[in-house]
Amino acid sequence: MSLRSFNPAFKQLFADRKPMRLHIHEMLNPHTVQQVLDGMRLKKLYPDGSKLDIIECNPGNGVFSSMVNYDLKPRNHILIESRTKLQQHWKKDLQALQGITGNKENFTLYPRDPYDWQTYLDLTDKDKIIQPVTKSYDQVHDELLLIANWCYDRGEKIVAQWIGCCGDRNWLQKYGKVRVICMAPSKTVSKFLSEPGFGKRNRTAMKRELFTDSKLLAIIANSANLPGEGYDPRVLIRDQPVAAYDNSIPKSTEMGIFEFYPSGMTTDAIAEMEYLLSPMYMNRSTPLRQILPKIVSGGEGMAESLPHDLLDRSPREFTTEDILAIAHAYDKWPFKPDYVDTIQLDEIDESQF
Amino acid sequence: MLRTSLKSSSYRRSRALVQRLLPQIQYAYINTRSESKTLAQSAVAVSPVSRLLEPLKSERTESNAKHSISKLTQKSFSEIEQTEFTAPAAERQPGYYSSKGDNVIRQPFAREINYLKSLMESFVSDQYYEKAYPLLKTLSGLVTPEEFTKFANIYLEALVQDEKVSVRELEQVIDKMQRECHFESNNRTRALRLTKYLETDPKFDLDEFFRIPKIEDIRSTLSNVDIIGVDNLYTIFDHPKAQTWIPSELKESYHEYDLNKNKEIVEDTKKLQEKDGSIRSLEKDDLSELEAVDSFGLQIVRHSLLGLEASPDKIAVFTSDIKEIIKDMTNEESKQKITSGKLNYFEMYQLLETQEQRDQFNHALANFNLDRQKQMEIRGVEGAKEKWKHEYEETKKRDSIMSTKNLNAQLYEWYQKLVPLLQKERQECLDLIDDKATNQKSSENKERAVYAPFFVKIDPEKAAMTTILEVMKLQSTGGISNGMRALTALQSVGKALEYDYITQKLSKKDLKRTQTSKHKGSRLLLNLVRNAAEGDPNEDFGWSQDISIRLGAVFVSFLMEVAKVRVSRHTVETEQSAFFHSIQYIGGQRIGAIKLHSDLVKSINRSSLDSCVQPQHMPMPVKPKDWDGYYGRGQVMSPLVRVRDSPETAAYVKTAARNGNLDQVYAGLNVLGNTAWTVNKDIFKVISHYWNTGKEFLDIPGVLDKPILPPKPERSDDPSIKYKYRKLVTQLKSEFSTMRSQRCDANYKLEIARAFIGEKLYFPHNLDFRGRAYPISPHFNHLGGDMTRSLFLFWDGKELGERGLRWLKIQLANLYGFDKAPFDERVKFVEDNLQNVFESAKNPYSEDAWWKKADKPWQALGVCFDLRRAYKLPDPTKYVSHMAVHQDGTCNGLQHYAALGGDLEGAQQVNLARADRPQDVYAYVAGIVRELLEKDAQKNNKYALFLKDKINRKVVKPTVMTNVYGVTYIGALAQVRKQLEDYFPDNQRDSLQEHARYLTTHVFAAIRQLFENAHLIQDWLGESARRISKSVSIDYKESDNVALHSSAVIWTTPLNLPCVQPYRKGTSESLKTAVQTLTINRIDGAGMVDGRKQVAGFPPNFVHSLDATHMMMTAAACGERGLKFASVHDSFWTHAADVDTMNEQIREQFVKLHSSNLISLLKEEFEIRYKDNYQLIKISSKHPLVKSIKELKQQWTKQLNRPITLGDELYMERTRLEFLNSDDPQKIKAAQDMVTTIKLAHEYEGEIEDVNDRGTYEILIPLKFPEVPPKGEFDVNRVKDSLYFFS
DNA sequence: CAATTCTCTACCGACAATATCAGTAGATAGGAC
DNA sequence: CCTCTATCTACTGATATAAGTAATAGAGAATTC
């Protein structure tokens, strides 16, 4: 298979160094990346590279970065990388690239922590490296693309929050329907992409369905494994993701790549009862009727204003309509507790000094 | 905990794998015995083969039975009856914990045995003998025959006590037990039979009964006096052969009896006094009306300690006693006052004139309080209930519909609903036990069967109260808002129920054996029998944790079912559950919680709960009985040492107690427990006044409604803003809820204080596992904060004298915060402020009263009151003071370290040496740091330049203090950063961090420099702990249940208290209850030690065990000299007049403690204790030893046809040593010729270094300890001259 | 094995995860002979 | 009557839970990335 997207300028750069593994897994095999990119057909979505800004989180050793860059030829390609060793690599590589191509790839290394919200504020507001335009939510933002690799255990948390941001339309999603191409462990992706009724369906999956449009793009497994286990079959059939092998992905951590961007939906109603959803989804196979009294003072009373068939189903089975129905009932419920009472305390560490 | 369970599961897996492999190999060996050789055989050809093989053969016992035995504690009595649980004899043999040589026994199946015992006792005490028998039979399958006899005798004892059981039936049961359970009777069994015969068979022939047994056996039989009882012993005494039969301990009683028998005793007629005008102490109610304003919070529980009401006849006795006592008083006015009925007991006591009167008064009061204590235990909660009922009825009169407005009325409503439900459930349980239940096999009944035998023991009415009180008390604990951890709730309810059950059981105890109708007879014998009947203080009693939790869950779930609150919003009103069960996610883990309805919480906040009535949480109005074993006597049921669920700690302490090693510990504790206190009424009034304003005052938080929160951010605000908001809000809420619970806690304390005004009270103490002493009653004690401490006075007063007056002034200066100056200056400080002192005492409420600005204002005010009173006398030195004056060690941990290490400069800085002024170690360390920075500043270090003028004692104090506890760099960094925070604005976080990092390193360096030797000792302790916790016992086998690293750090204090660090990695087990399935982390006595904690904990724990020892020694010494003594770890208290004596003893005892080289002694102790342990160390693969060891292992591998394990290596060494120590010269010879890996390492002459690098090879060597670091030059005797050592 | 990732970070008093589901081993019942 | 299989149950181990990681930095334990 041809490496259509491979930037020859990188050939030497990659050859010069040994790829390092630093906590976050990534594809190191260009052939795999090529397969994935072929499946994604990004050029169709972003035909005009001269207007496109790419923000990439945790580019790592840069195989994917360089190839997606070569594919789309963006105006800006920001690499947010916080691992000092990799920062050094990039600095060196970009210097070299300057010599080879004059950095017509438009890479900029932004050596900050992609986990930190402040990084994005500084990128656009303080350092003004890029200044995205705000577009309407009618269609996907065609001048801004976010690529992120969160393929390690703790990445799940940030992915969940990013999905939440689509509902709130804040963070980068304040600029419009910004597509996020996200790499994460299959364990995470299969959870967040599951549909109602699937065993792994959880709160974030529900929010994902409600607030975003999403698609499973690819599954990359170690060649010792069979890719795609644990995903909701409906998603696999619907999205027809690319299945590829890459042995830089460890056997224990399959990688899933999916995209999401805000859907038309945004509402305060879900945030208002977020504190209810959390315990609700802890017993996600228990019928709502039994859960209600366990999540809020007097919660059993809320049942009166909900249809029976909904009460008999469990959170795992809830569709977005169900959730909205519950949100509505909650809104009308007279016994909503004070906001103070809904705040959960975390561990109190009392230091004596 | 997920991690732990994963770890242990994978660990189990690998072990299971080994277990699966091993048998095959051994079978293979056994079948081909002639061809192949075992390890040992190959090494010692001449050794008797069978003996070498035996241990290996037994390794393959992995029976199913064992597997199911661990499930036994989850089974109900009927399931146990139907299932067979039998452990192979080998597995019943006791093991050991950390050390083979300590002779502390680890009982296999301890939890299962305990459960069966509880069940059996439960049945047997209600005459369900046929239900109890199968349990006994199951027990016989789990324990050794000797152990079994003990349990069988418990069963038989019940039969003997039951009059309906005949001798024949008894003998039949014994017969059956012999047949079915391999019961081996002993002399206690004989005593049981004897008793039954004596009591039921008029024609019983003692001669015949004792014809066959040997004389020693007869004597041993008769020494079971608790079984035989007084009257039966008299019968035996009457027998002509009695003199030869009776054991030595009964000789004296026998003679007394014999003597009295022949005397005509005139029966004393009761001389009960007529009840003319009994003097009763001022009623608490009157006082409350006098002094309490029922406005804000501090609501008086009427009869809050109703139980402290005595029965009328006791009042009469007390009254006449007092009349008798004051008969000879000279001051008529005082006499008048005492009989007026307007004084409380303490005020009466103060008016007495002679020591004799006081002694008599104390005696009378002690008798009186004994009865009151009993009443309190029996009817403790009754008072609360009456109050609830009253308010309920009042409320009902006003409103037709109950509302949450009145909390107590609400509680009563729940109580009323709960009781019938519990009664019904109890009946169901009874039916189930009687096999009368309609659907015996239903799943409901299956669950019921687990708790039924215990449920039926509980009085529903009392339990209803207990449940409500406990649950309400726990609101907002455990980091859960408006609720509590389910585990905590179920456990405390369960424990409280257990307490009720035990007290009830004790009050109903069969008195037959300890009473006699004879007026003549032997008092000695009576005492002997009564003592014996109290039982062995080293024997466990009560329910296991599982039982009480499960039971607690049943009660809590019933409460949750019935408890409702009425809620209204706008125009809607409805009834909702008061409690609900919920799962919360805290700190990455799910926590089961019982939450209160938010409206209920608001109601509680408004009215503040008065839940204190439960006697187990109270100080004692009577002197606690002296400690003489693992469990306390009398009302004190707590163990001597708080063992934190560590079976090992408990076992070590019990063994020490049984061996009689703890007398010195008891002595110290008893001094603490015998110190009588009373409540300072003057202070109470002032606190009460400020409390009732409802405003914040000093350390009392004000009444708070709800926290004020800033407006919520918009949905579309940046996540960082939302996050910051959430963080702020949680912090506000958490601050709010700590304030609230502080106020709640203070309320609780004040209520107890109020109840004890004018009363005499005691604090029985017990120990933590290091030996530090704590009062057992948890809330109201002298360990509390300033406010709580200020409420205490010694019951006894002592005339100040010159010195006492001086010390009282010093005490005030110390409390005021003027404690860094020499004594004379402190005295002067107070004398200069004497007007302020008087003014404070005279008018404590004035806006800017002097006392309010003190460091510890409440206690300072207390001294002000005292000083003012003293100075009102013509001669203030004649004033009788009840104040406790404190002498505090200056950085006590460092004092001990300095003494151990002998650091000259360090010792001086913590006042071990005499100095004109008290030395301040913090300031001194700050000085060193400053010098270090100065040097760097000259090199133009920017951090040094910035920081050098900002170093003061405050900056270094936290780090110096926590250094003793082994604070790490990162922890200290956080402290320093906090101290430096003010110098850096918010946007310079990075700079702050860098400066803090720089400074922390230098603070560490400074401490290290000052206490160089001490640090070497700290390191030595740490290293020793590391080696111990990574060591392997010689008996280690892969197939065993004993973990690879199973030795904890254990040491013995100079007072012989064994200290066992309880840190082991547990396994999580789940316990299904009526409320939820709990996950309980259980530690196994032979489980893996938590090396990290063992190492980190040992240095501080060892030093704390030393300071505890010092305290106990001082306590005992002060006690011997007639001083009253109390302590808060490193703060020692006594009367002002006695401070000099105490100070002398503090120093004497310190010198005595440190006159031996404690670390060398510790090393010797370790060497003995861990002599059977081996160290796993890594040596360089290039080390010459590696080659020979590898060779030997290869040789063995070939012969055994499997890889050599650690267990194999140890087995070989074990065999070698066994042979070496045998008497058989052939074996000795064989052992000498035998080579093992360990022997190779042991005999290696060169250097063996534990390297932590790559390219290493792990070998076993005998456990050795590092050399003790040399001591510095400081001579500990100089402490005797130090003025400010404790000051 | 050695390399890499994860965890924990100040002592004691006063500790503490839980629900669910899939898979498996063992038990029971049932049916045929 | 015995054996064999189908079905059920009990038990175990794995997994998900939430959704700022929190400002650090170095050793030690646990995996195998």
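Residues numbered from 1 in each chain as written. Chains lettered and ligands numbered in written order. Predicted model: local features only at pLDDT ≥ 70, side-chain atom pairs only at ≥ 80, totals over all residues. Heavy atoms only, no water.

> Would you take a moment to explain the overall build of chain A for this structure?
What chain A contains, in helices and strands, is 16 helices and eight strands. Over its C-alpha trace chain A gives a radius of gyration of 22 Å, about what one expects of a compact globule, namely 20 Å for 353 residues. The principal-axis extent of the C-alpha atoms belonging to chain A is close to 70 × 50 × 50 Å. Burial status across chain A gives 56% buried among its 353 residues. With the model as given, the accessible surface of chain A reaches about 14900 Å², and the carbon-plus-sulfur share is 50%. Between the centroid of the 44 positive side chains of chain A and the centroid of its 47 negative side chains there is a distance of 6 Å. (Helix = DSSP H or I, 4+ residues; strand = E, 2+ residues; numbered from the N terminus. Rg over C-alpha atoms; globule rule 2.2 N^0.38 Å. Buried < 20%, exposed > 50% of the residue type's maximum accessible area, 1.4 Å probe, protein only. Areas by Shrake-Rupley, 256 points an atom, 1.4 Å probe, with all protein chains shown as cover. Lys, Arg positive; Asp, Glu negative; His and termini not counted. Charge placed at Lys NZ, Arg CZ, Asp CG, Glu CD.)

> It is not clear to me how the overall build of chain B should be interpreted in this structure. Could you clarify?
Helix and strand counts for chain B stand at 54 helices and 24 strands. Here chain B, with 1287 residues, has 55% of them falling under the buried criterion. The long-range fraction of contacts in chain B, counting pairs at least 24 apart against all pairs at least 6 apart in sequence, stands at 74%. (Contact = heavy atoms within 4.5 Å.)

> Teacher, can you tell me more about the protein's contact with DNA strand D here?
Around DNA strand D lies a shell of 44 residues, among which K157 and P250 of chain A together with I970, R977 and R997 of chain B are the nearest. By atom count, sugar and phosphate contribute 62% of the portion of DNA strand D lying within 4 Å of the protein. A distance of 2.7 Å separates a base nitrogen of DNA strand D from a polar backbone atom of Y115 of chain A. At the level of elements, α7 (155–168), α8 (186–192) and α9 (203–211) of chain A together with α1 (2–31), α34 (719–755), α45 (969–980) and α46 (989–1010) of chain B are the ones that each hand at least two residues to the surface near DNA strand D. Grouping the constituent residues of the surface near DNA strand D by class yields 13 nonpolar, nine polar and 22 charged. (Near = heavy atom within 4 Å. Polar contact = N/O pair within 3.5 Å; in protein donor to acceptor, adjacent residues only side chain to side chain. Nonpolar A, V, L, I, M, F, W, Y, C, P; charged D, E, K, R; others polar.)

> Explanation requested: the sheet that holds strand β6 (residues 212–221) of chain A in the structure shown.
Adjacent strands of a sheet pair through backbone hydrogen bonds, lying either parallel or antiparallel. Residue and element names in this part refer to chain A. Spatial strand order, β3-β2-β1-β4-β5-β8-β6-β7: eight strands in an open sheet with mixed pairing. Only two strands of the sheet have a single neighbouring strand rather than two, namely β3 (107–110) and β7 (242–245). Along the sheet, successive strands turn relative to each other by an average axial angle of 20°, direction set aside. Of the strands in this sheet, β2 (76–80) and β3 touch helix α5 (residues 84–101), which is tilted by about 155° from β3. (Pairing = 2+ DSSP bridges. Axes fitted to C-alpha atoms, helices over the stretch in contact; angles between N-to-C directions.)

> How do you make sense of the pattern of salt bridges when you look at a structure like this?
Where charged atoms of side chains with opposite charge meet at close range, the side chains can pair. Residues and elements named next belong to chain B. Per the counting criterion, the structure on display carries 96 salt bridges over all chains. Note that R566 is salt-bridged to E575, the shortest N-O span being 3.8 Å. Close ionic contact of R772 with D1107 constitutes a salt bridge, the shortest N to O distance being 2.9 Å. Of this pair, R772 sits in the loop between β10 (765–767) and β11 (773–775) while D1107 is found in helix α48 (residues 1091–1120), placing the two residues 335 residues apart along the sequence. Comparing R772 with D1107, the two get one shared label, buried. Counted as one network, the salt bridges with shared partners bring together K424, E425, E428, E444 and R448. (Salt bridge = Lys/Arg side-chain N within 4 Å of Asp/Glu carboxyl O.)

> Please clarify how the interface of chain B and chain A should be interpreted in this entry.
Often the size quoted for an interface is simply the accessible area lost on bringing the parts together. Contacts between the two partners involve 44 residues from chain B and, on the opposite side, 39 residues from chain A. Contact between chain B and chain A buries roughly 3700 Å² in total, counting both sides, with carbon and sulfur atoms accounting for 56%. For the pair chain B and chain A, the interface holds six salt bridges. K712 of chain B is the partner of E272 of chain A in a salt bridge, and the nearest nitrogen-oxygen pair spans 3.8 Å. The tally of links between chain B and chain A comes to 15 residue pairs in polar contact (both at pLDDT 80 or more). Looking at the side of chain B that touches chain A, the elements with two or more residues in it are β4 (564–569), β5 (572–577), β6 (579–586), β7 (589–596), α30 (598–607), α34 and α44 (953–963) of chain B. Per-element accounting of the side of chain B that touches chain A gives the leading share, nine residues, to α34 of chain B. (Buried area = accessible area lost by both parts, 1.4 Å probe.)

> What is the right way to read the sheet that holds strand β16 (residues 1031–1033) of chain B from this model?
Residue and element names in this part refer to chain B. Here we have three strands laid out as an open sheet, ordered β16-β23-β24, and antiparallel in their pairing. Each end of this open sheet is capped by a strand with a single partner; those strands are β16 and β24 (1256–1262). Ignoring which end each strand starts from, the neighbouring axes of this sheet average 35° apart. Note that β16 and strand β23 (residues 1173–1180) share three bridges and pair antiparallel.

> Please explain the environment of Q1232 of chain B as it appears in this structure.
All names here are of chain B. Examined against the element boundaries, Q1232 turns out to sit in helix α53 (residues 1225–1233). The partly exposed category is assigned to Q1232, whose relative accessible area is 49%. Through-space distance from the C-alpha of Q1232 to that of L418 is 75 Å; in sequence the pair is 814 residues apart. If near-sequence neighbours (up to four positions away) are discounted, Q1232 is found in contact with L1220 and K1239.

> Looking at this structure, how should I read the packing of aromatic side chains?
Centre-to-centre distance and the angle between the planes together describe a pair of aromatic rings. Evaluation of the coordinates by the stated rule reveals 78 aromatic pairs over all chains. Put simply, the rings of F318, Y345, F346, Y349, F361, F368 and W795 of chain B touch in pairs and so form one group of aromatic residues. The residue whose ring lies beneath K336 of chain A is Y330 of chain A, and the NZ or CZ to ring-centre distance is 5.6 Å. Above the face of the Y133 of chain B ring, K176 of chain B is positioned so that its terminal group lies 4.1 Å from the ring centre. (Phe/Tyr/Trp six-rings, centres within 6.5 Å; stacked < 30°, edge-to-face > 60°. Lys NZ or Arg CZ within 6 Å of the ring centre and 35° of its normal.)

> Help me understand the side chain of N222 of chain A in this model?
Residue and element names in this part refer to chain A. Looking at the secondary structure, you find N222 in the loop between β6 and α10 (233–239). Judged by relative accessible area, which is 8%, N222 ranks as buried. Filtering out sequence-adjacent residues up to four positions away, N222 remains in contact with Y245, D246, N247, I249, P250 and K251.

> Quick question: what am I supposed to make of the domain arrangement of chain A here?
Residue and element names in this part refer to chain A. Looking at chain A, the domain boundaries give domain 1 (9–262) and domain 2 (267–352). Relative placement of domain 1 and domain 2: their C-alpha centres are 33 Å apart. Each partner contributes residues to the interface: domain 1 has 14 residues there, and domain 2 has 14 residues. Surface buried jointly by domain 1 and domain 2 totals about 1200 Å² across both partners, of which 63% is contributed by carbon and sulfur atoms. Contact with domain 2 buries surface across domain 1, with R203, M206 and L210 losing the most and accounting together for 43% of the total. (Domains from an automatic or database assignment.)

> I keep staring at empty space enclosed by the protein and nothing clicks. Help me out?
Rolled over the atoms, a probe as big as a water molecule pinpoints where empty space is left. Applying the stated rule across the entire model yields 14 cavities of 30 Å³ or more. For the largest cavity, the calculated volume is near 240 Å³. Taken together, 20 residues line the largest cavity, and the ones lying closest to its centre are Y275, I295 and D341 of chain A together with Q584 and K595 of chain B. Of all the secondary-structure elements, those providing two or more residues to the lining of the largest cavity are α12 (274–280) and α16 (339–342) of chain A together with β6 and β7 of chain B. Looking at the lining of the largest cavity, the element that brings in the most residues is β6 of chain B, giving four residues. Here the lining of the largest cavity is built from residues that sort into nine nonpolar, eight polar and three charged. If you trace the second largest cavity, you find 15 residues lining it, with R789, F792, Q859, M883 and A884 of chain B closest to the centre. Ranked by residues supplied to the lining of the second largest cavity, first place goes to helix α39 (residues 857–872) of chain B with four residues. The residue makeup of the lining of the second largest cavity, split by class, is nine nonpolar, five polar and one charged. (1 Å grid on protein atoms, 1.4 Å probe; cavity = no way out; pocket = protein on both sides within 12 Å on 5 of 7 lines; lining within 4 Å. Points joined across faces, edges and corners; volume = space filled by probe spheres on them.)

> Looking at this structure, how should I read unusual backbone geometry?
Excluding glycine, residues mostly carry a negative phi; peptide bonds, for their part, are mostly trans. Not every positive phi belongs to a glycine, and R169 of chain A is a case in point at roughly 55°. Summarising the element assignment, R169 of chain A is placed in the loop between α7 and β5 (177–185). Residue classification places R169 of chain A among the buried positions, given a relative accessible area of 16%. Residue D435 of chain B is not a glycine yet carries a positive backbone phi of 60°. Of note, D435 of chain B is situated in the loop between α24 (407–433) and α25 (443–455).

> Any chance you could explain helix α32 (residues 663–673) of chain B here in plain terms?
One full turn of an α-helix is made of 3.6 residues, so residues set three or four places apart face in the same direction. All names here are of chain B. The element α32 is largely enclosed, with a buried count of eight among its 11 residues. All buried positions along α32 are accounted for by V665, Y666, G668, L669, N670, V671, L672 and G673. As for α32, its buried residues are in contact with α31 (647–658), β9 (761–762), β10, β11, α48 and β21 (1126–1127).

> Sorry, what's going on with the nonpolar core here?
Most often, soluble globular proteins have nonpolar side chains that are buried together. Counting 137 residues, the largest nonpolar core has Y155, W414, F579, I594 and L600 of chain B as the members making the most contacts within it. If one sorts the elements of this core by residue count, α24 of chain B sits on top with 13 residues. In this structure, this core is formed jointly by two domains, domain 1 (9–262) and domain 2 (267–352) of chain A, each of which donates at least three residues. Discounting chain neighbours no more than four positions away, the residues touching Y155 of chain B are M120, V124, Y129, A132, Y133, L136, V173 and M177 of chain B. W627, V921, L1153 and I1159 of chain B belong to the second-largest nonpolar core, a separate cluster that totals 110 residues. (Core = buried A, V, L, I, M, F, W, Y, C linked by side-chain atoms within 4.5 Å.)

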